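Residues per chain are reported as follows:
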Amino acid sequence: RSFPLADLAGRSVGLLTAVARPDSVRRTVEALGASVVAVFEFPDHQRFTEGMVRDAVEASGRAGAGMLVTTEKDAVRLPAGVAGDGRIRAVGIDAEVLRGDEVLGAALGAAMRGGAG
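These notes cover the structure that comes with them. (Residues numbered from 1 in each chain as written. Predicted model: local features only at pLDDT ≥ 70, side-chain atom pairs only at ≥ 80, totals over all residues. Heavy atoms only, no water.)

## Brief notes about the packing of aromatic side chains
Alright, step 1. Taken as a whole, this structure holds one aromatic pair when the rule is applied.
Alright, step 2. With 5.8 Å between their ring centres and 85 degrees between their planes, F42 and F48 make a pair best called edge-to-face.
Alright, step 3. The class of F42 is partly exposed, set by a relative accessible area of 23%. (Phe/Tyr/Trp six-rings, centres within 6.5 Å; stacked < 30°, edge-to-face > 60°. Buried < 20%, exposed > 50% of the residue type's maximum accessible area, 1.4 Å probe, protein only.)

Below, the structure is given as structure tokens:
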């Protein structure tokens with residue numbers, strides 16, 4: 001379930017991530033005004049089991065969190081048996097290239113063609 005980012009302000013939350021840079025997700029959630037009281041970090045692209053997610057939801061609740069926050073990227077990998085749990089919320093995080101988009105475009109083009117650049 002997605003939600004307005006303003007809903008994080010003043011809330012205690014648990015954080016469930018399976019991304020390459022979990023610290024950046026935590027900083028984002030905290031910058032939106034949430035207090036992260038429990039953290040569950042897994043390797044990038046981790047496939048969650050129902051037990052893993054249920055444990056994270058329950059431990060977050062015991063730590064005083066009203067919800068378990070995850071990224072949209074991770075939310076799509078939640079097992080069906082827990083994906084509808086109202087205590088789990090997904091936050092969308094976008095990236096914007098501010099400088100160097102020409103260099104990035106050239107590198108991506110080279111990669112798509114199979115060349116080194």
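Following the structure, the description resumes.
## Examining the pairing of strand β1 (residues 12-17)
Alright, step 1. Extensive coverage of β1 is indicated by the burial of five of its six residues.
Alright, step 2. Here β1 pairs with strand β2 (residues 35-41) via six bridges, running parallel. The residue bridging L15 from the neighbouring strand is V39, located in β2.
Alright, step 3. The parallel pair β1 and β2 is bridged by helix α1 (residues 22-31), and the resulting crossover is right-handed.
Alright, step 4. Strand direction decides the pairing type here: β1 and strand β3 (residues 67-71), joined by four bridges, are parallel. When the sheet's bridge partners are listed, L16 is paired in β3 with T70. (Helix = DSSP H or I, 4+ residues; strand = E, 2+ residues; numbered from the N terminus. Pairing = 2+ DSSP bridges. Right-handed = clockwise from strand over helix to strand, strands pointing away.)

## Some remarks on the nonpolar core
Alright, step 1. One finds L16, F40, F48, V53, L68, L78 and I88 to be the most contacted residues of the largest nonpolar core, which totals 13 residues.
Alright, step 2. Those elements giving two or more residues to this core turn out to be β2 and α2 (50-62).
Alright, step 3. Considering each element in turn, this core owes the most residues, four residues, to α2.
Alright, step 4. If we skip the residues at most four places from it in the chain, V53 touches L16, F48, L68, L78, P79, V82 and I88.
Alright, step 5. Judged by nonpolar contacts, the second largest core, of 12 residues, contains L8, V29, M67 and V69. (Core = buried A, V, L, I, M, F, W, Y, C linked by side-chain atoms within 4.5 Å. Contact = heavy atoms within 4.5 Å.)

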